[in-house]
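# Residue-level structural notes
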Amino acid sequence: MSAHTFRIRTEEAEYAVPVECTHRKGWLKCGKISRTKHGGCFVTCPLHFSTFDVQTGRQVSGPASSNLATTKLHDLNSGG
Ligand code: FES
C-alpha cells in the first residue's frame, strides 16, 4: 500500500483507496464512509461530495468525472 492510499474495510475485504479525490484532490481520507445493509461500501469526498463505490472504484454521484483506483488488498473471510 502506498503513502497515497488509506485502507477501508468492507464486510468481506479490505481495500486500498487513494487519499485524493479524482475531482479536485479533496482529501477522501477525511470523507464519509457509508455502508449498506447489503454489503456495499461508499466513500464521499468532503469537498464537493462526489461518492465512490469502494469495491469497484466507480463514481456514483457528484462532480468528479472519473472513477477512483481502488485496490482489493485481501479478503477478510479467506484468511488471505
Ligand atoms: S474534490 Fe472531491 S468532489 Fe470535488
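Located above this text is the structure these notes cover.
Values in this document were obtained by computation on a predicted structure and should not be read as measured data. Starting from 1, residues in each chain are numbered consecutively following that chain's sequence as written. Restriction of local features to residues with pLDDT of at least 70 applies here, the model being predicted, together with a cutoff of 80 or more for giving and counting side-chain atom pairs; totals for whole chains, interfaces and linings are based on all residues.

## Overview of the overall build of the protein chain
- The secondary structure content of the protein chain amounts to 0 helices and 7 strands.
- A run of H or I in DSSP becomes a helix once it reaches four residues, and a run of E becomes a strand once it reaches two; helices and strands are each numbered from the N terminus. When the helices and strands of the protein chain are listed from N to C terminus, the series reads β-β-β-β-β-β-β.
- When we talk radius of gyration, it's over C-alpha atoms, and the globule rule is simply 2.2 Å times the number of residues to the 0.38. Taken against the 2.2 N^0.38 rule, which gives 12 Å for 80 residues, the C-alpha radius of gyration of the protein chain at 12 Å falls within 12% of a compact globule.
- For the C-alpha atoms alone, the extent of the protein chain along its principal axes is close to 35 × 30 × 20 Å.
- A buried classification covers 25% of the 80 residues belonging to the protein chain.
- Placing a C-beta atom from the backbone of each residue, one calls two residues in contact when those atoms lie within 7 Å. Restricting the contact set of the protein chain to residue pairs at least 6 apart, pairs at least 24 apart contribute 38%. Using C-beta atoms placed from the backbone, we call a residue buried if 20 or more other C-beta atoms fall within 10 Å of its own, exposed if 12 or fewer do, and partly exposed for counts in between.

## With respect to the sheet that holds strand β3 (residues 32-35)
- Read from one edge of the open sheet, 4 strands run β3-β4-β5-β6, paired in antiparallel fashion. Strands at the two margins of the open sheet, each flanked by one partner only, are β3 and β6 (59-61). Each strand axis lies, on average, 30 degrees off the axis of its neighbour in the sheet, ignoring direction.
- Paired strands, in this sense, are two strands between which DSSP finds at least two bridges. With 3 bridges joining them, strand β4 (residues 41-44) and strand β5 (residues 51-53) adopt antiparallel strand pairing. If you follow F42 over to β5, its bridge partner there is D53. Between the N-to-C directions of two axes lies an angle of 0 to 180 degrees, each axis being a line fitted to C-alpha atoms and, for a helix, fitted only over the stretch in contact.

## Some points on the environment of C21
- Looking at the secondary structure, you find C21 in the loop between β2 (13-18) and β3.
- Overall, C21 belongs to the buried group, with 26 C-beta atoms counted inside 10 Å.
- For C21, the contacting residues outside a window of four places in its chain are G26, L28, C45, L47, S50 and A64.

## Some words on the sheet that holds strand β1 (residues 5-9)
- Across the sheet, 3 strands lie side by side as β1-β2-β7; this open sheet has antiparallel pairing. Only two strands of the sheet have a single partner each, and these edge strands are β1 and β7 (71-75). Each strand axis lies, on average, 25 degrees off the axis of its neighbour in the sheet, ignoring direction.

## Section: the environment of R24
- Of note, R24 is situated in the loop between β2 and β3.
- Once the C-alpha coordinates of R24 and G39 are considered, the two residues, 15 residues apart in sequence, prove to be 28 Å apart.
- Beyond its immediate stretch of four places on either side in the chain, R24 contacts L47 and H48.

Don't take any of this as a statement about function, it's just geometry.
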